[in-house]
Amino acid sequence: MNIKLNRLIKSRGFASISASLGAILIGLLFGYIILLISNPSEAGFGFMTILRGGFNQGVRGVGNGLYMSAPIILTGLSVGFAFKTGLFNIGASGQFILGAFAAIYVGVKWTFLPDGTVWIAALLAGAIAGALWAGIVGVLKAYRNVNEVITSIMLNYIGMYLVNYMVVQTVFNPTRNESITPSRAILPKLGLNQIFTNSSVNIGIILAIVFAIIIYIILEKTTFGFELKAVGYNRDASRYAGINEKRNIILSMMIAGALSGLGGGILYLSGAGKHIEIVDMLAPEGFNGIPVALLASSHPIGIIFSGLFIGHLNMGGFYMQRYDFVPEVIDIMIAIIIYFSAFALAFKAFLEKVSKKKGGKSA
Amino acid sequence: MSTFYFLIQQTMFYSIPLLIVALGGMFSERSGVVNIALEGIMIVGAFISLYFMRSMQGTISGQLLLVLSMLVAVGSGMLISLLHAYASINMKANQVISGTAVNLFAPAFAIFTARAFIGVQQVTFINQYRIAAVPGLSSIPVLGPLFFTNTYITTYIGFAILVISWFVLYKTRFGLRLRACGEHPQAADAAGINVYRMRYAGVLISGALAGLGGLVLTVPVTTAFDGQVAGYGFLALAVLIFGQWKPGRILFAAFFFGFMKTIAAAYTGIPWLLQLGIPGNFFKMTPFIMTIIVLTFTSKKSAAPKAAGEPYDPGKR
């Protein structure tokens, strides 16, 4: 029994999960303190509203929480997958918005497709657009050694301006200064709206979970995934071992981009009144992918849960607004959680030290 | 000719903050700590100093208030950068992650605090700092209209920071030690340099300059700070890399970016540019595209500090 417990404590999974949970606790605590400082009399009430998240409004709120989680699970997977293969994909935002545009474009313009298949083509287009956009980063990294962080950041801005331009040229609703609704490509609800009545939930959350599982299998159970990770650990050693490291870097980025692009498609094909607005602002869903991935230590299955958790917190923030609280406290909490999860390395070393000491005594 | 002068004056407003922040990033990265938190630090610096300016503008006035606000910006930038320093130096955290945390924190902090204490999201202030013409100097032909008309003291402070940075980095013992820690910290340690202390110094200088840059960026272009600096921190990072971590080249890169930004913002007022019929969005994209192109041709022989991004591990050889 003791040996089993020891092995559990020493296992990497346990260390990262407990580090994340610790970080979450610290983040929540800080959030509570901030509420106490800014509005002492209602702090407890506000804090409970955050914790309840979607549950503030029964099944409808939960359904909307799932709806909001789907795109950030996908961008989280995008960032996490890139992380696992040694790349920092801070460009999920640009990939996301290009994917969204491609999905809307296909959804509106490909009128030759029969009803019911348009959404599939649109989502595919979104994934391809995201993959190509991220592929630029991969090619430059592989062949010209350009730092992927900088190209990703640049491509976020280029993508935003490009999409603004293309929306105006092709799928524009001038009276509202935003993209038009791709009414033939709205995602199916699969009866989820009967479980979560009146909510915007749709097939997106299921797709997000399926893709998380697929990414897990690719990374952990296939040679291809092993090669991708090997290149991330040591590019030169991988080349020496006969791995085509240039191709793998490009493929890693393209897969990451496809996931973000898909996330964009899923959010904007929901039919829940989401449109691409023509403003000079980067898509926040792309940046939300970073905390989602970090909180789960980039583990694909963990990302499902961290995505749901951050979606839940965001719903809490949404309901807080009704009671005149400032919802940005949620973002502060998420930032604090990420900050402390960055300490995971030190925390793991500490855990190992403790368990080693214990092991030494018993022997 | 007046269009040309106008463009250069505008370019200053965009270039000087980029210059200041990129120089800050240079100190951090040269000491071995990658600082993608520049964006967040700029926001915090701008927010706290403008909040200070707003509260004091009844009591103090004129350039003195601007100078005091700049000191507040420097201080608050240093304070927030301590978070990044502690995580990446003491806790050996992934520097990109802790930087991201600061970037997530800063806009939320600014908006939350503003809404909780002012009631609205925007921090408004009175701009009373523009210098229409510097007495005497503004009448010099060409140079007068270029550098001494329609300007702010921040422009001169930016240039002063450039000169001081160059001097500190290359001509002082401190600068040599700082660079050593970014190239080979183990060797620096063996030579008796306290790597941790030098890296703290690097990050704190970057915090001071980024905080200042946030204020310097905001004052000339708006009178209502909205909890964001429009990606200038990231742009400064690009300037830093474009400038190959060297002060002189950073100056060039900052002005190149600033000029592109100015063109994007002002092209509708320049007849021959407008006649080209290029959509505004493409002008806005240009600085970012140019960065990628330049990096494509320079990254093979990148002059990045060798140990930047790695936590210092004394046992490593």
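Residues numbered from 1 in each chain as written. Chains lettered and ligands numbered in written order. Predicted model: local features only at pLDDT ≥ 70, side-chain atom pairs only at ≥ 80, totals over all residues. Heavy atoms only, no water.

What to know about the pattern of salt bridges
Going by this rule: Between Lys or Arg on one side and Asp or Glu on the other, a salt bridge is scored when a side-chain nitrogen of the former is within 4 Å of a carboxyl oxygen of the latter. Relative accessible area decides the class of each residue, using a 1.4 Å probe on protein chains only: under 20% of the type maximum gives buried, over 50% gives exposed, and in between gives partly exposed. The secondary structure listing takes helices from DSSP runs of H or I that are at least 4 residues long and strands from runs of E that are at least 2 residues long, numbered from the N terminus.
Evaluated as defined, the whole model comprises ten salt bridges over all chains. For A:Glu178, the salt bridge identified is with A:Arg176, shortest N-O distance 3.2 Å. Classification of A:Glu178 as buried rests on a relative accessible area of 7%. On the basis of relative accessible area, A:Arg176 is assigned to the exposed category, the value being 56%. For A:Asp280, the salt bridge is made with B:Lys284, and the minimal N-O distance between the two is 2.9 Å. Placement of A:Asp280 in the loop between α12 (245-268) and α13 (284-295) and of B:Lys284 in helix α13 (residues 280-298) is noted, with the two residues assigned to different chains.

Re the nonpolar core
Inclusion rule: In these notes, a set of buried Ala, Val, Leu, Ile, Met, Phe, Trp, Tyr and Cys residues joined through side-chain atoms within 4.5 Å is what counts as a nonpolar core. Start and end positions for the domains come from either an automated domain assignment or a database one. Whether two residues touch is decided by their heavy atoms; if any such pair falls within 4.5 Å, the residues are in contact.
One finds A:Ile276, A:Val329, B:Leu50, B:Met53 and B:Val219 to be the most contacted residues of the largest nonpolar core, which totals 205 residues. When residues in this core are grouped by element, the largest group, 14 residues, is from helix α1 (residues 2-30) of chain B. Counting residues domain by domain, this core receives three or more from each of domain 1 (1-39 + 325-363) and domain 2 (59-314) of chain A. Once residues lying within four places of it in the same chain are set aside, the contact partners of A:Val329 are A:Gly31, A:Ile34, A:Leu35, A:Ile50, A:Met320 and B:Phe112. Listed in part, the eight residues of the second largest apolar core include B:Leu7, B:Ile263, B:Ala266 and B:Ile270.

Quick word on the confidence of the model for chain B
The following threshold applies: The predictor's confidence in any single residue is recorded as pLDDT, a number from 0 to 100.
When the pLDDT values of chain B are averaged, the result is 89; 99% of them are 70 or greater. Taken over the whole predicted complex, pTM reads 0.89, whereas the ipTM for its chain interfaces reads 0.88.

A word on the domain arrangement of chain A
All names here are of chain A. Test applied: For any pair of parts, buried area is found by adding up, for both, the accessible area (1.4 Å probe) each one loses once the two are put together. Polar contact criterion, stated in full: a pair of N or O atoms within 3.5 Å, where within protein one must be able to donate a hydrogen and the other to accept it, and residues adjacent in sequence count only if both atoms are side-chain atoms. Gly is put with the polar residues, along with every residue not named as nonpolar or charged; the nonpolar set is Ala, Val, Leu, Ile, Met, Phe, Trp, Tyr, Cys and Pro, and the charged set is Asp, Glu, Lys and Arg.
Structurally, chain A comprises domain 1 (1-39 + 325-363) and domain 2 (59-314). Relative to domain 2, the C-alpha centre of domain 1 lies at a distance of 28 Å. Here domain 1 packs against domain 2, burying approximately 830 Å² in sum over the two surfaces, 76% of which is carbon and sulfur. Broken down residue by residue, the surface that domain 1 buries against domain 2 is led by Ile330, Ile334 and Ile338, which jointly contribute 46%. Remark: the boundary between domain 1 and domain 2 carries zero salt bridges. Joining domain 1 to domain 2, the criterion identifies one residue pair in polar contact (both at pLDDT 80 or more). Listed by contribution, the elements that provide at least two residues to the side of domain 1 that touches domain 2 are α2 (12-38) and α15 (328-341). Counting residues per element, the side of domain 1 that touches domain 2 draws most heavily on α15, at six residues. Of the residues contributing to the side of domain 1 that touches domain 2, the split by class is six nonpolar, three polar and no charged.

Here's the deal with the packing of aromatic side chains
Condition: Geometry of aromatic contacts follows a simple scheme: Phe, Tyr and Trp rings, the Trp one being its six-membered ring, pair when their centres are within 6.5 Å, and the pair is stacked under 30 degrees between planes, edge-to-face over 60, tilted otherwise.
What the rule picks out here adds up to 27 aromatic pairs over all chains. Where A:Tyr161 meets B:Phe288, the ring centres are 6.4 Å apart and the plane angle is 35 degrees; that geometry is what we call tilted. Taken as a pair, A:Tyr161 in helix α7 (residues 148-170) and B:Phe288 in helix α13 lie in two separate chains rather than in one. Residue classification places B:Phe288 among the buried positions, given a relative accessible area of 2%. An aromatic cluster of three or more residues is present, and its members are A:Phe30, A:Tyr339, A:Phe340, A:Phe343 and B:Tyr86.

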